[in-house]
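Residues per chain are reported as follows:
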Amino acid sequence: MSRVINESKSEEIILPSIRTPGPIKIWKTVDGFKTIGGESKPVKIVLQEIPEDRYQDILDHMAAYFVIDEPCCVSLNLKDDSMAVKDLVNIWKIILKQGLSVGAFVDDPKGGKPEIAGANIIGFEIKDDDRSLDNYKIQSSTAKRLVEPVLKLCKEAKIYEHFNTDRYMFAFGLSVEPSYRGHNLGAHILHAREDIGREYKISVTATPFSSAISQKSAARCGFEVLLSRDYDQILDEEGKEIFPNIKFKTFKVMGKRLN
């Protein structure tokens, strides 16, 4: 998460891959609701791997919703820094190529492209492997202010040591489209990691959770707290709060042994 140069050079960055070429895997279909004008109607939502021809749509979804909603992004007003948004899009693009990310899709009754109800950008990391996001440089100071403390806190959580593993599945953003919120779709997306872990023999997942809402959802999905830090104790080199006026009290890194 720390050296994406620009959108063109991001194409040259390759992370370790565990997924072999083949048909897109469908993890599960869940019951959901779409709310329009105050009226909710039931829909079937398919949780699946993301086809390459939908990568750009997923990137657009994340840029439209995650950047606006995620508490740390909101604290830094990241949405108004176009270079910072581009940095995040580059990072998501790199991780998407590992093939583990989850898309939540709803079929279009008119036969068009399935609508994106949500997405989770999921990656795979191997201990001491140079093909790590740690090696990449971010251009925007705003994006660097977001990513570097998150990376640091994930390292402090000692994920490898806690689970006695040399590899784990991480995530860099989960977002649900507003009209599909309020019906546990985020939890369903989190649960999909069980299927991913089983399929690709990944026994551990760990992720930073920045809000009390996502932390409660993760706890219900069996995640345990590996590190907890109050936001007013996450400081820069000058001793100033990195995420001022954030509306939640605590940042947590949470993990789970799969299967």
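Structure: above.
Nothing here was measured: the structure is a model prediction, and the numbers come from that model.

Enquirer: Where do I start with the overall build of the protein in this structure?
Expert: For the protein, the count of helices and strands is seven helices and eight strands. At 18 Å, the protein has a C-alpha radius of gyration in line with the 18 Å of a compact globule built from 259 residues. Expressed as lengths along the three principal axes of its C-alpha atoms, the size of the protein is roughly 55 × 40 × 40 Å. Here the protein holds 259 residues, and 53% of them are scored as buried. Pairs at least 24 residues apart make up 77% of the contacts formed inside the protein by residues separated by at least 6 positions.

Enquirer: How should the environment of N245 be read in this particular structure?
Expert: The residue N245 is located in the loop between β7 (224-230) and β8 (250-257) in this model. Taking the C-alpha atoms as reference, N245 lies 25 Å from A219; in sequence the two are 26 residues apart.

Enquirer: Honestly, the packing of helix α3 (residues 82-96) against helix α4 (residues 141-156) in this entry has me stumped. Any pointers?
Expert: Packed helix pairs are specified by the crossing angle of their axes together with the interaxial distance, meaning the distance between the axes. The interhelical angle for the contact between α3 and α4, taken along N-to-C directions, is 50°, at an axis separation of 7 Å. Judged on the interaxial angle alone, α4 and α3 are oblique. Note that α3 runs across α4; the crossing there is right-handed. Touching A84, D87, L88 and I91 of α3 are T142, A143, L146 and V147, all from α4. Taken together, the residues of the contact of α3 with α4 sort by class into six nonpolar, one polar and one charged.

Enquirer: Is there a simple way to explain the nonpolar core in this structure?
Expert: As a rule of thumb, nonpolar side chains are buried together in soluble globular proteins. By size, the foremost hydrophobic cluster in this structure holds 55 residues, and its most contacted members are I58, L88, W92, L146 and F243. By residue number, the principal contributor to this core is α3, which donates nine residues. The contact partners of W92, leaving out residues within four places of it in the chain, are L59, M62, A63, F66, V67, I121 and F172. The next biggest cluster of nonpolar side chains, apart from the first, holds 24 residues, and it includes A117, F124, I189 and A192.

Enquirer: Looking at this structure, how should I read the side chain of D195?
Expert: Within the fold, D195 resides in helix α6 (residues 185-200). Overall, D195 belongs to the buried group, its relative accessible area being 17%. One polar contact links D195 to R198, side chain to side chain, over a distance of 3.2 Å. Those residues within four positions of D195 in sequence are excluded, and the remaining contacts are W27 and K28.

Enquirer: Explanation requested: empty space enclosed by the protein in the structure shown.
Expert: The method is simple in principle: a probe with the dimensions of a water molecule rolls over the atoms, and the space it marks as empty is what remains. Under the definition given, this model contains one cavity of 30 Å³ or more. A total of three residues in the lining of the largest cavity trace back to one element, the largest contributor, which is strand β4 (residues 115-126). When grouped by side-chain class, the residues that make up the lining of the largest cavity number six nonpolar, two polar and two charged.

Enquirer: Honestly, the packing of aromatic side chains in this entry has me stumped. Any pointers?
Expert: Two aromatic rings are characterised by how far apart their centres lie and by the angle between their planes. Using the criterion set out here, one finds seven aromatic pairs in the structure. Between F66 and W92, the ring centres sit 5.7 Å apart and the planes meet at 90°, which makes this aromatic pair edge-to-face. Separated by 26 residues along the polypeptide, F66 in helix α1 (residues 55-69) and W92 in helix α3 bring together distant segments of the chain. Comparing F66 with W92, the two get one shared label, buried. An angle of 80° between the planes, with centres 6.2 Å apart, marks the rings of Y231 and F251 as edge-to-face. Of this pair, Y231 sits in the loop between β7 and β8 while F251 sits in strand β8, and the two are 20 residues apart along the sequence. Here Y231 and F251 have matching classes, each one buried. A network of ring pairs unites the aromatic residues Y160, Y168 and F170 as a single cluster.

Enquirer: For this particular structure, what's the right way to read the layout of surface pockets?
Expert: Empty space within the largest pocket amounts to approximately 990 Å³. Lining the largest pocket are 39 residues, with F66, L174, S175, S211 and S214 sitting closest to its centre. Those elements that provide at least two residues to the lining of the largest pocket are α1, α2 (71-75), α4, β5 (167-176), α6, β6 (204-209) and α7 (212-220). Considering only residue class, the lining of the largest pocket consists of 21 nonpolar, 12 polar and six charged. Counted as a void, the second largest pocket has a volume near 400 Å³. What lines the second largest pocket is a set of 21 residues, among which E125, D134, K155, Y160 and Y168 lie closest to the centre. Those elements that place two or more of their residues in the lining of the second largest pocket are β4, α4, α5 (159-163), β5 and β6. Tallied by class, residues from the lining of the second largest pocket come to 11 nonpolar, two polar and eight charged.

Rules used throughout
Position numbers for residues start from 1 in each chain and track the written sequence from start to end. Where totals are concerned, whole chains, interfaces and linings use all residues; where local detail is concerned, this predicted model gives features only for residues with pLDDT of at least 70, and gives and counts side-chain atom pairs only at 80 or more. The basis for every side-chain value is the complete set of non-hydrogen atoms in the structure, without hydrogens or water. Numbering of helices and strands runs from the N terminus, with a helix taken as a DSSP run of H or I at least four residues long and a strand as a DSSP run of E at least two residues long. For the radius of gyration, the atoms used are the C-alpha atoms, and the globule rule reads 2.2 Å times the number of residues raised to 0.38. For every residue, the accessible area (1.4 Å probe, protein chains only) is compared with the maximum for its type, and the residue is labelled buried under 20%, exposed over 50%, or partly exposed between those bounds. A contact between two residues is defined here by any heavy atoms of the two lying within 4.5 Å. Interaxial angle, 0 to 180 degrees, is taken between N-to-C directions of lines fitted to C-alpha atoms, where a helix line uses only the stretch in contact. Geometric relationships in this document are graded by angle, where less than 35 degrees denotes roughly parallel, more than 145 denotes roughly antiparallel, 65 to 115 denotes roughly perpendicular, and other angles denote oblique. By convention the crossing between two helices is left-handed if the near helix lies anticlockwise of the far one by an angle smaller than a right angle, and right-handed if it lies clockwise. Note that Gly is not counted as nonpolar here; it falls among the polar residues with everything else outside the nonpolar set of Ala, Val, Leu, Ile, Met, Phe, Trp, Tyr, Cys and Pro and the charged set of Asp, Glu, Lys and Arg. We define the nonpolar core as a collection of buried residues of types Ala, Val, Leu, Ile, Met, Phe, Trp, Tyr and Cys that are connected through side-chain atoms lying within 4.5 Å of one another. Nitrogen and oxygen atoms within 3.5 Å of one another constitute a polar contact, given that in protein one can donate a hydrogen and the other can accept it, and given that sequence-neighbouring residues count only through two side-chain atoms. Residues are said to line a cavity or pocket when one of their atoms sits within 4 Å of a point; the points come from a 1 Å grid over protein atoms alone, cavities being sets where a 1.4 Å probe fits but cannot get out and pockets being open sets with protein on both sides within 12 Å along at least five of seven lines. Grid points are joined across faces, edges and corners, and a volume is the space filled by probe spheres set on the points. Put simply, two rings from Phe, Tyr or Trp (the six-membered ring, in Trp's case) pair if the centres are within 6.5 Å, and we call them stacked under 30 degrees between planes, edge-to-face over 60, tilted for the rest.

Purely geometric stuff here, so don't read any function into it on its own.
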